[in-house]
Amino acid sequence: MGVRPLIENMEFLRHFWHPVATLDEFEKADPLGNGPMAVTLLDEKVVLARLDGKMVAMKDQCVHRSAKLSGGKVQGDQLQCPYHGWMYNAEGKCTHMPACPTQKISSRAKVASYECEMKYGLIWVRLDSSWNVTEIPYFSVADDPRMKIVVQEPYWWNASAPRRWENFTDFSHFAFVHPGTLFDPNNAEPPIVPIDRVKGQLRFVYDTPPGMDVPDQAPIGNFTYHCSMPFTINLAVQKYVGNNLHVLFNVSCPVNAKQTKNFLIFAREKSLNDSDHPHIAFNDLVFAEDQPVIESQWPEEIYDDELSVVTDKISIQYRKWIKELENAHAQGKEAFEKALLTPVLESDRMHPELHAVAG
């Protein structure tokens, strides 16, 4: 038997919420800020539009002659096809055919529509909501009045979403890919940390080495990870410098099996009263150091013949859970929900959600 990709059937990923655009880039896509805008998620061509104030997502293909609806225009609460002017409402139903306005509209004249929400300054889409067992991923300081939140411009990598996830949670690469930027090259041996599964998240804590010679912008300190499956990382850093909180929310949109559109939101305490630009420049520098290495991994997808060592514990557990979710999906909703939400604990940390359930 030959080697297999980590994800053999991407169908289970359709049940999760994925970001496809920032609100800022959507509003810039059209002079009036309502779209339409074309995006791709899991190889599915999707059109975004704001119809009468409501953000909607639907298949980017007119049912008549298959033109892309993203080439059309928004008319109030309707999206108009650019080819023959067919009009579609927020549910994807055709409401008007200009060439034959008196003809009864067929029940087949409907475009597939998808759940769509705007949260954290990002537009999220869930292609399959039939099981309704997933939530938009957790951002720890979304509603914290102490924090200033910045949504950076998306960045594209020719790498799979699991590759990007593993890169962001890989302690062993810091000393080699980011020497002097994010880490001291003399600290190459990371600890082996306990990992918990709680509420569809991998949770773990890493105290980075103190006293490293890195820039003040470097978010170095106590790292607390809440990683919502499948491709989201919420990293809260209690920084050694100034003892202030810095949060990085990174999530990869799987455009297809080999390409990602990545989003970064970062937050810091308003009391710092500093400029956004040095932080944005630092984040861009770190990603610029990562990108050529991650894009050099081949194949772009993860395959099961890669050699792992003990310090790969986080990625090993991540890969194990991804496979469990894929396999459970084939068994149906109940098995998938159980695989996603059943707690698995290694640490002695307190998880409020579990105590709330127990109470």
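Residues numbered from 1 in each chain as written. Predicted model: local features only at pLDDT ≥ 70, side-chain atom pairs only at ≥ 80, totals over all residues. Heavy atoms only, no water.

(A) The overall build of the protein chain, seen in detail. Secondary structure assignment for the protein chain yields seven helices and 18 strands. Taken over C-alpha atoms, the radius of gyration comes to 22 Å for the protein chain, in line with the 21 Å a tight globule of 359 residues would show. With respect to the principal axes defined by its C-alpha atoms, the protein chain has extents near 75 × 55 × 50 Å. A burial count over the protein chain gives 52% of its 359 residues as buried. Taking contacts inside the protein chain between residues at least 6 apart in sequence as the whole, the part at least 24 apart equals 60%. Carbon and sulfur atoms make up 50% of the accessible area of the protein chain, which amounts to about 17100 Å² in all. On the protein chain, the mean spot of the 35 positive side-chain charges and the mean spot of the 47 negative ones are 8 Å from each other. (Helix = DSSP H or I, 4+ residues; strand = E, 2+ residues; numbered from the N terminus. Rg over C-alpha atoms; globule rule 2.2 N^0.38 Å. Buried < 20%, exposed > 50% of the residue type's maximum accessible area, 1.4 Å probe, protein only. Contact = heavy atoms within 4.5 Å. Areas by Shrake-Rupley, 256 points an atom, 1.4 Å probe, with all protein chains shown as cover. Lys, Arg positive; Asp, Glu negative; His and termini not counted. Charge placed at Lys NZ, Arg CZ, Asp CG, Glu CD.)

(B) Representation of the environment of His-246 within the structure. With respect to the helices, strands and loops of the structure, His-246 is situated in strand β17 (residues 245-256). Sequence spacing of His-246 and Val-141 is 105 residues, and the spatial spacing of their C-alpha atoms is 9.7 Å. With residues up to four places along the chain from it excluded, the contact list for His-246 reads Pro-219, Leu-235, Ala-236, Val-237, Lys-239, Phe-266, Ala-267, Arg-268 and His-279.

(C) Molecular detail of the UniProt feature "domain: Rieske" (unreviewed entry) in the protein chain. Under the UniProt annotation, the feature "domain: Rieske" (unreviewed entry) is placed at residues 17-125. Measuring from the first to the last C-alpha atom of residues 17-125 gives 6 Å, for a span that is 6% helix and 42% strand. (UniProt positions renumbered as here; feature names shortened; annotations may be inferred.)

(D) Local environment of the side chain of Glu-166. Looking at the element boundaries, Glu-166 is found in helix α2 (residues 161-168). For Glu-166, a relative accessible area of 10% puts it in the buried group. Side chain to side chain, Glu-166 and Arg-319 meet in a polar contact 2.6 Å long. In contact with Glu-166, not counting residues within four places along its chain, are Ile-302, Ser-315, Tyr-318 and Arg-319. (Polar contact = N/O pair within 3.5 Å; in protein donor to acceptor, adjacent residues only side chain to side chain.)

(E) The sheet that holds strand β8 (residues 94-96), seen in detail. One open sheet holds the four strands; their spatial order is β5-β6-β7-β8, and the pairing between them is antiparallel. The open sheet is flanked by β5 (73-75) and β8, the only strands paired with a single partner. Both strand β7 (residues 87-88) and β8 contribute to a ladder of two bridges, which runs antiparallel. Within the sheet, the bridge partner assigned to Tyr-88 lies in β8 and is Cys-94. (Pairing = 2+ DSSP bridges.)

(F) The sheet that holds strand β1 (residues 18-22), seen in detail. One open sheet holds the six strands; their spatial order is β1-β10-β9-β4-β3-β2, and the pairing between them is antiparallel. Of all the strands in the sheet, just β1 and β2 (37-41) have a single pairing partner and so form its edges. Each neighbouring strand pair of the sheet contributes to a mean axis angle of 35 degrees, computed without reference to strand direction. Inspection of the sheet shows β2 paired to strand β3 (residues 44-51) by five bridges, in the antiparallel sense. For Val-39, the partnering residue across the bridge sits in β3 and is Val-46. (Axes fitted to C-alpha atoms, helices over the stretch in contact; angles between N-to-C directions.)

(G) How the structure looks around the domain arrangement of the protein chain. The assigned domain composition of the protein chain is domain 1 (16-124) and domain 2 (145-343). Domain 1 and domain 2 are separated by 33 Å when their C-alpha centres are compared. Together domain 1 and domain 2 conceal approximately 1300 Å² of surface at their shared face, both sides included; 75% is due to carbon and sulfur atoms. For Lys-261, the salt bridge identified is with Glu-25, shortest N-O distance 2.8 Å. (Domains from an automatic or database assignment. Buried area = accessible area lost by both parts, 1.4 Å probe. Salt bridge = Lys/Arg side-chain N within 4 Å of Asp/Glu carboxyl O.)

(H) Representation of the packing of helix α5 (residues 313-329) against helix α6 (residues 333-341) within the structure. With their axes 7 Å apart at the nearest point, α5 and α6 run at an angle of 165 degrees to one another. One finds that α5 runs roughly antiparallel with respect to α6. In this structure, α5 crosses over α6, and the sense of that crossing is left-handed. Along the contact surface, α5 presents Trp-321, Glu-324, Leu-325, Ala-328 and His-329, while α6 presents Ala-335, Phe-336, Ala-339 and Leu-340. Broken down by class, the residue content of the contact of α5 with α6 amounts to seven nonpolar, one polar and one charged. (Parallel < 35°, antiparallel > 145°, perpendicular 65-115°, else oblique. Left-handed = near helix turned anticlockwise from the far one by under 90°. Nonpolar A, V, L, I, M, F, W, Y, C, P; charged D, E, K, R; others polar.)

(I) View of the pattern of salt bridges. Under the definition given, this model contains 22 salt bridges. Of the charged contacts in the structure, one is a salt bridge between Glu-324 and Arg-197, with a shortest N-O distance of 2.8 Å. Note that Glu-324 is positioned in helix α5 and Arg-197 in strand β13 (residues 196-198), a separation of 127 residues in sequence. By relative accessible area, Arg-197 is classed as buried at 9%. Glu-346 is the partner of Lys-313 in a salt bridge, and the nearest nitrogen-oxygen pair spans 2.8 Å.

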